[in-house]
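Examination of the molecular architecture
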Amino acid sequence: MTRDEIAGLLERRRLSVTAQRLEIAELVLEKPQHLSADQILAGMRARGSRVSKATVYNTMKAFSEHGIVRTVEVDPQRQYYDSTSAPHHHFYNVDTGELIDIPPEAVELDVKTGLPARTEPAGVDVVIRVRGVGS
């Protein structure tokens, strides 16, 4: 995406367009990928940006809340930001930390009970944890 396209996306999602948001979005949205906040910070620093860790976290939280990226929580202490915002699922390799996309139609969920009273489905995120076996 160009910088102008990113600015348009932020405006459509009702986010203020700032230089740091544009810089972070350029990195995160340059290709389909799954990045941790630390990986984003390292990528920004490699590009010569002086963005702070707090700015990365705050920006990614805003991007997630406004549907620009998806947050994938792989365990209580670790989350990744997914540049593919359309619904889909993931394999998570616990040995390597790699996330691999699974198309939504490849997972069937059969819930055998009704929803709690006064609720409606808000989404399903499946993370299947895998690990390597013998070489």
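Shown above is the structure to which this text applies.
Below is a summary of the structure that appears in this document. What you are looking at is a predicted structure, and each value in this text was computed from that prediction instead of being measured. Per chain, residues are indexed from 1 in the order of the written sequence. pLDDT decides what is reported in this predicted model: residues at 70 or higher carry local features, side-chain atom pairs at 80 or more are listed and counted, and totals for whole chains, interfaces and linings draw on all residues regardless. Note: side-chain values were computed over all heavy atoms of the structure, leaving out hydrogens and water.

Here the focus is the overall build of the chain. Elements are defined by DSSP. Helices are runs of H or I of four residues or more, strands are runs of E of two residues or more, and each kind is numbered from the N terminus. When you go through the chain residue by residue, the secondary structure sums to four helices and six strands. For the chain, the α and β elements follow one another from N to C terminus as α-α-β-α-α-β-β-β-β-β. With the principal axes as the frame, the chain shows a C-alpha extent of 50 × 50 × 25 Å. A total of 135 residues make up the chain; the buried ones form 36% of that total. Long-range contacts, defined as pairs at least 24 residues apart, comprise 45% of the intrachain contacts of the chain with a sequence gap of at least 6. In the chain, 17 positive and 19 negative side-chain charges are present, and the distance between their average locations comes to 6 Å. Partly exposed residues are those whose accessible area sits between 20% and 50% of the maximum for their type, while under 20% is buried and over 50% is exposed, using a 1.4 Å probe and protein chains only. Contacts were defined at the residue level, with two residues in contact if any of their heavy atoms lie within 4.5 Å. Think of it this way: Lys and Arg go in the positive column, Asp and Glu in the negative one, and His and the chain ends go nowhere. Note on charges: their place is set at NZ of Lys, CZ of Arg, CG of Asp or CD of Glu.

Relative to the assigned elements, Thr96 resides in the loop between β4 (89-93) and β5 (99-102). On the accessibility criterion, Thr96 (57% relative accessible area) is exposed. As for Thr96 and Gly132, which are separated by 36 residues in sequence, their C-alpha atoms are 8.9 Å apart. Separated by 3.2 Å, the side chain of Thr96 and the backbone nitrogen of Glu98 make a polar contact. N or O atoms closer than or at 3.5 Å make up a polar contact, with two conditions inside protein: a donor-capable atom paired with an acceptor-capable one, and, for residues adjacent in sequence, both atoms drawn from side chains.

Another point: the pattern of salt bridges. For this analysis, a salt bridge means a side-chain nitrogen from Lys or Arg found within 4 Å of a carboxyl oxygen belonging to Asp or Glu. If you walk through the whole model with that rule in mind, you get seven salt bridges. Ionic pairing is found between Glu26 and Arg3, a salt bridge with its closest N-O pair at 3.0 Å. Note that Glu26 is positioned in helix α2 (residues 19-28) and Arg3 in helix α1 (residues 3-12), a separation of 23 residues in sequence. Residue classification places Arg3 among the partly exposed residues on the basis of a relative accessible area of 37%.

Axis separation between α2 and helix α4 (residues 53-65) bottoms out at 10 Å; the angle between their running directions is 75°. Relative to α4, α2 is oriented roughly perpendicular. Contacts between α2 and α4 pair Gln20, Arg21, Ile24, Ala25 and Val28 from the former with Thr55, Val56, Thr59, Met60, Ala62 and Phe63 from the latter. Classifying every residue of the contact of α2 with α4 gives seven nonpolar, three polar and one charged. Working convention: axes come from line fits to C-alpha atoms, limited for helices to the stretch in contact. Angles between N-to-C directions cover 0 to 180 degrees. For classification, angles of less than 35 degrees are called roughly parallel, those exceeding 145 degrees roughly antiparallel, those between 65 and 115 degrees roughly perpendicular, and all remaining angles oblique. Polarity classes work like this: nonpolar for Ala, Val, Leu, Ile, Met, Phe, Trp, Tyr, Cys and Pro, charged for Asp, Glu, Lys and Arg, and polar for all others, with Gly in that last group.

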